[in-house]
Every structure is written in C-alpha cells, then in structure tokens.
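Commentary on secondary and tertiary structure
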Amino acid sequence: MKLSIIGSGYVGTTIAACFAELGHDVVNVDIDEDIVAALNDGRSPIHEPGLDELVAEHAGDRLRATTDYEEILDTDATFLALPTPATDDGSIDLGAVKAASTSLGETLAAKDDYHLVVTKSTVVPTTTEEVVGPRIAAASGKTVGEEFDIAMNPEFQREGTAVEDFLAPDKIVLGAHTDRAYDLLDDIFAPLVERADEPPVVKTGIREAEMIKYANNAFLAAKISLANDLANICKEFGVDSAEVLDAIGLDSRIGSAFLGAGLGWGGSCFPKDTAAIIAAARGRGYEPRLLQAAVDVNDGQPERMLDLLRERFDPEGKRVAVLGLSFKPGTDDIRGSRSIPLVEALLDAGADVVGYDPVATENMRELFPDIDYADSAAAALVDADAALVATDWDEFAALDEQFDEMREPVVIDGRRIVTRRDGIDYESLV
Ligand SMILES: NC(=O)c1ccc[n+]([C@@H]2O[C@H](COP(=O)([O-])OP(=O)(O)OC[C@H]3O[C@@H](n4cnc5c(N)ncnc54)[C@H](O)[C@@H]3O)[C@@H](O)[C@H]2O)c1
Ligand SMILES: O=c1ccn([C@@H]2O[C@H](COP(=O)(O)OP(=O)(O)O[C@H]3O[C@H](CO)[C@@H](O)[C@H](O)[C@H]3O)[C@@H](O)[C@H]2O)c(=O)[nH]1
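Residues numbered from 1 in each chain as written. Chains lettered and ligands numbered in written order. Predicted model: local features only at pLDDT ≥ 70, side-chain atom pairs only at ≥ 80, totals over all residues. Heavy atoms only, no water.

Considering the side chain of Thr391
Of note, Thr391 is situated in the loop between strand E12 (386–389) and strand E13 (410–413). Exposure remark for Thr391: the relative accessible area of 1% places this residue in the buried category. Excluding residues that lie within four positions of it along the chain, Thr391 makes contacts with Leu323, Gly324, Leu325, Ser326, Lys328, Pro329, Phe396 and Arg415. (Helix = DSSP H or I, 4+ residues; strand = E, 2+ residues; numbered from the N terminus. Buried < 20%, exposed > 50% of the residue type's maximum accessible area, 1.4 Å probe, protein only. Contact = heavy atoms within 4.5 Å.)

See below:
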C-alpha cells in the first residue's frame, strides 16, 4: 500500500522505516529540510537501535521524504506523527496537529479518491473527531465518513527499543468509525500481524483508542509511583524494598515490570502525558486524585534524595557529582530527566556540580552550560564530596576503587545500581 506519514521525528521515522520494511511504499512529509535530506540520503534523523539499518536499506526505494504535502495525493492513507507537547499549565498543545491537519485538508481538496487519515500522535480524547476531522473537512471541502475517514492508532514504542517495539507489539489498537476505515487499517497492518505472530488487534472507537494511550502511560507511571511510595515506606522501617517489590512482582496479577523503585520516571512521554490527561479531566470537571498523587510522589523523589545529602552536610560550596543525566539508560535524551531537578536544587544550594553521562552530556550542557562535565564517572568522582546516582547505566555497577578518589565518599544511589558498599558512606534512596 502507499502510505504517507506527516512528521518524521522519533515516531514518524520509526513507523515509516518499519512500514517500508513490511513492504509498504512510504513517503515521510516534514517541514524540517534537514530531516528530509537525511532520510533521502539514507540516514536516520534520530538514533534508535536498528533504525539506521532500516532507513539505509529502504531509502530511495520504498522510503522517501519530502517537504511537499502534494506527494500525499499519490497515497492511500496518511498517519499524523506530529508533536503534542505540554503547554505551561500541562494541557496539550495541538498547534502542530492543527497546522498539519489544515495543510493536509488543502492538499486532499485535489484528490478524487477516498483517503484515510490516522492520528498516530498521542492526543486527548475527542481530538481526532473534533480537531483533526473538522480541519481537514473545512480545508478540503470534503465530508468525514464520505470522501475521507478519520481513525486513531496509538503508538506504544519506547525510546531505545522503538523498532523492536513496533515490529513485535504487545497489541495493535485500531480506532475507527466505518467499515471502510477498518478494512484499510486491516490491509495496512496485515503484514505486521503476520510477522509479529498474531498479536491482539483491538478494534475500538476513535476516542477509546485515544484514551487507551493515556491509560497505558498513566498506569505504567502510576505503577512506578506506587512502587516508590511503597519503597519509601519500606525505608522508614528498615525493610529492603527491592526484596518486597521483587516478591510482589511474582504475583501474576501484579507482574514484575515497571516496579523499579528509585528516583522516578521522566522522558518525553510520561510527564507530559500524565499532565495532559490530568488537565483534560479537570477541564471536564473531574479531579483525577490518584493520577495527581502519582505525579506528586514522582516529583518528591529527587527532593528525598537531596534530603539524604543534607543529612550529611550543607551542599553549599561542596563538590557534588551527578552520575547519569539521561532520563533512562540507553538514550542521550534528557527530556524530563530526574537529574534536572537534582542539578537545579544543587545549584540553588550553592553546590559545585559536576555531571557525567556516557552519552547525554552535550544535551545537558545546553540546559546547564555552567556546571562542570567529566569525561568518565571516575573523573567525576575525583575530589567530589558526594556522588548522586541518577540513572541506572550499567557502568555505574562496576564502579569500585574510583570511589577512593572522592574527598568524602558519600554515595547516594537513586537507582540501586552501585554494588560496592564497604569503605564508602553509601545510602540508597529506596
Ligand atoms: N517519542 C516517543 O517515544 C513516542 C512514543 C509514542 C507516542 N509518541 C507521540 O507521538 C507524537 C510524535 O512524537 P515524536 O517524539 O515523534 O515527536 P518529534 O518532535 O520527535 O517529531 C515531530 C516531527 O513533526 C514535524 N512537524 C511539526 N509540524 C509539522 C507540520 N506542520 N508538518 C509536517 N511536519 C511537522 C517536526 O519537524 C518533527 O520532525 C507525540 O504525540 C508523542 O506524544 C511519542
Ligand atoms: O521500573 C521502572 C521502569 C521505568 N522507570 C522510569 O520510567 C521512565 C520511562 O521509561 P520507559 O517507559 O522505558 O521509557 P519511554 O521511552 O518514555 O516509554 C514510555 O513512553 C512512551 C511514549 O508514550 C510509550 O510509547 C512507552 O510505551 C512508554 O513505556 C524512565 O525515566 C525510567 O527510568 C522507572 O523508574 N522504573
């Protein structure tokens, strides 16, 4: 089939390359000329394991990119993979979705045949029906459900395993209103269903599909926050939280995934998506207390870590190493990273901060240009008065004699990753 994908960032590039791998003919439309040039050159504009290979293999053949919306006319369906960031109050910013919907509508005005438009972006319930559909209709002069259909297909890929997650999904969620839309979606996803060994395909309404994405992320974020809440209680009683959480994870009704307690969740999705669905619920007059509590617990974890430091000394004038700057291991992405509130609070307290991360230093430097950055964890520890471990990079587990170079060997571990305990003043956050 011929597919167009508007937006070629993390999601748009991944799904374009994967759809090409599955045999579809794909064109990526993006307003960013550098991204378009990279893709047409066979280079992925984002770093994801396996993506470079897929882009290199299919670019110039089943995968191409353009800034020209007109190329959509030659395709059967369009996926919208546009950014949906948070505004200052946490609510969803639909600016890019609105602009692209209008551009798509203006383009589709010239199309004689039926077209399917699928929202891939994470959007609050009713957005596809009340924002995307009407804008396309107004700009194209066509009617939803007649000359074109709208649908919603949420994406569950994680950073660092995006290609794998797309090609071997736990489920495929298809939200639509007409048989024609479902039939086309079936054709689009048939090669994936076959390759992935028949994962469950959930056929549902459009706003249900939109909500499934938020519910999925909200549940996972809240699960981590509940693990953190329980781990904080464990600490009060001198109970080993890892043993408790490992044990409850053995209950098949609970499951062991996303019970990793520590400094909390960050990233480009959990913080913005929990904020967006909380704001949307409040907009309808419902107060989502449990979800707000999950956010509050998450926000509290960095402060608890700083309290453990302050119990030892006033950070003013002390050299504090922050080990791990990315929001999780395996990525250079610092969006929503829990190391950010740590660094902010340390700077406010007058500490001398040195950061280290195997890959995220340059991104962090843009945010905090004035702190020191070390080339290795060992270098960060030299003459430090304390080390705060913020990300669970494997290499931190191997640190040992490097701690001997610290001025005061205070190590506060936000991810229970450090293995050496003797000879250092070690405390785990949970
Ligand atoms: N990043 C993830 O791992 C992930 C996973 C699941 C869902 N999502 C959701 O998918 C959506 C996209 O996220 P992302 O991380 O890929 O965003 P991104 O910022 O990486 O990419 C968005 C792309 O859209 C382009 N764009 C913006 N306006 C445009 C327009 N009018 N026309 C054409 N292109 C335009 C930008 O240039 C950019 O390349 C969001 O709603 C996000 O919440 C993201
Ligand atoms: O047991 C755990 C698991 C994760 N985390 C933290 O949670 C955050 C998010 O991790 P992860 O879910 O692996 O990363 P993302 O790439 O942000 O993926 C999430 O967000 C995406 C965007 O919506 C969704 O598509 C994915 O399904 C969803 O897992 C990170 O800060 C992790 O350190 C923990 O603290 N404990």
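Quick look at helix H8 (residues 206–236)
The terminal C-alpha atoms of H8 lie 45 Å apart, and with 31 residues this matches the ideal 45 Å at 1.5 Å per residue to within 8%. Gly238 sits one or two residues past H8 and shows a positive phi near 65 degrees. (Expected span 1.5 Å × (residues − 1).)

Some points on helix H5 (residues 127–140)
Between the first and last C-alpha of H5 there are 18 Å, a value that for 14 residues agrees with the 20 Å anticipated at 1.5 Å per step. At Gly133, H5 is bent by approximately 25 degrees, the largest bend along its length, and proline Pro134 sits one to four residues beyond. For H5, every residue scored as buried is listed here: Thr127, Thr128, Val131, Val132, Gly133, Ile136, Ala137 and Ser140. For H5, the secondary structure elements touched by its buried residues are strand E4 (77–80), helix H4 (95–108), strand E5 (115–119), strand E6 (148–152) and H8. (Bend = angle between axes of the 7 residues up to and from the residue.)

Overview of the UniProt feature "binding site: substrate" (unreviewed entry) in the chain
UniProt records the feature "binding site: substrate" (unreviewed entry) at Phe156, Gln157, Arg158, Glu159, Lys213, Phe258, Leu259, Gly260, Ala261, Gly262, Gly266 and Lys328, using the numbering of this structure. With a sequence span of 173 residues, these residues are also far apart in the fold, their greatest C-alpha distance being 24.6 Å. The topology assignment puts Arg158 in the loop between E6 and helix H6 (162–167). If we ignore the near neighbours within four places in the chain, the residues touching Arg158 are Glu48, Asp165 and Lys328. By the secondary structure assignment, Gly260 is in the loop between helix H9 (241–249) and helix H10 (270–283). (UniProt positions renumbered as here; feature names shortened; annotations may be inferred.)

Quick look at the UniProt feature "active site" (unreviewed entry) in the chain
Here, UniProt's "active site" (unreviewed entry) annotation points to Cys269. Cys269 gets classed as partly exposed once you look at its relative accessible area, which sits at 30%. If near-sequence neighbours (up to four positions away) are discounted, Cys269 is found in contact with Asn217 and Thr274.

Details of the sheet that holds E13
Pairing in this open sheet of six strands is parallel, and the strands run E11-E10-E9-E12-E13-E14 from one edge to the other. Only two strands of the sheet have a single neighbouring strand rather than two, namely strand E11 (372–373) and strand E14 (425–428). Two strands pair when backbone bridges link them, and E12 and E13 are joined in this way by four bridges, in the parallel orientation. Within E13, the residue paired with Ala387 across the bridge is Val411. Taken strand by strand, helix H12 (residues 339–348) contacts strand E9 (319–323), strand E10 (352–356) and E12, and its axis lies near 175 degrees from that of E9. (Pairing = 2+ DSSP bridges. Axes fitted to C-alpha atoms, helices over the stretch in contact; angles between N-to-C directions.)

Brief notes about the pattern of salt bridges
Applying the stated criterion across every chain, the model contains 28 salt bridges. Between Arg310 and Glu303 there is a salt bridge, and its shortest N-O distance comes to 3.1 Å. For Arg310, a relative accessible area of 38% translates into the label partly exposed. Exposure remark for Glu303: the relative accessible area of 39% places this residue in the partly exposed category. (Salt bridge = Lys/Arg side-chain N within 4 Å of Asp/Glu carboxyl O.)

Structural notes on the site of ligand 1
Around ligand 1, a shell composed of 27 residues is seen, among which Val11, Asp30, Tyr69, Thr84 and Lys272 lie nearest. In the environment of ligand 1, an oxygen atom lies 3.4 Å from a nitrogen or oxygen atom belonging to the backbone of Leu82. Here an oxygen atom of ligand 1 and a side-chain polar atom of Lys272 are 2.6 Å apart. Within the complex, 88% of the 830 Å² of free accessible area of ligand 1 lies under protein. Secondary-structure elements contributing two or more residues to the shell around ligand 1 are helix H1 (10–21) and H4. Among the residues making up the shell around ligand 1, the classes are represented as 13 nonpolar, eight polar and six charged. (Near = heavy atom within 4 Å. Polar contact = N/O pair within 3.5 Å; in protein donor to acceptor, adjacent residues only side chain to side chain. Areas by Shrake-Rupley, 256 points an atom, 1.4 Å probe, with all protein chains shown as cover. Nonpolar A, V, L, I, M, F, W, Y, C, P; charged D, E, K, R; others polar.)

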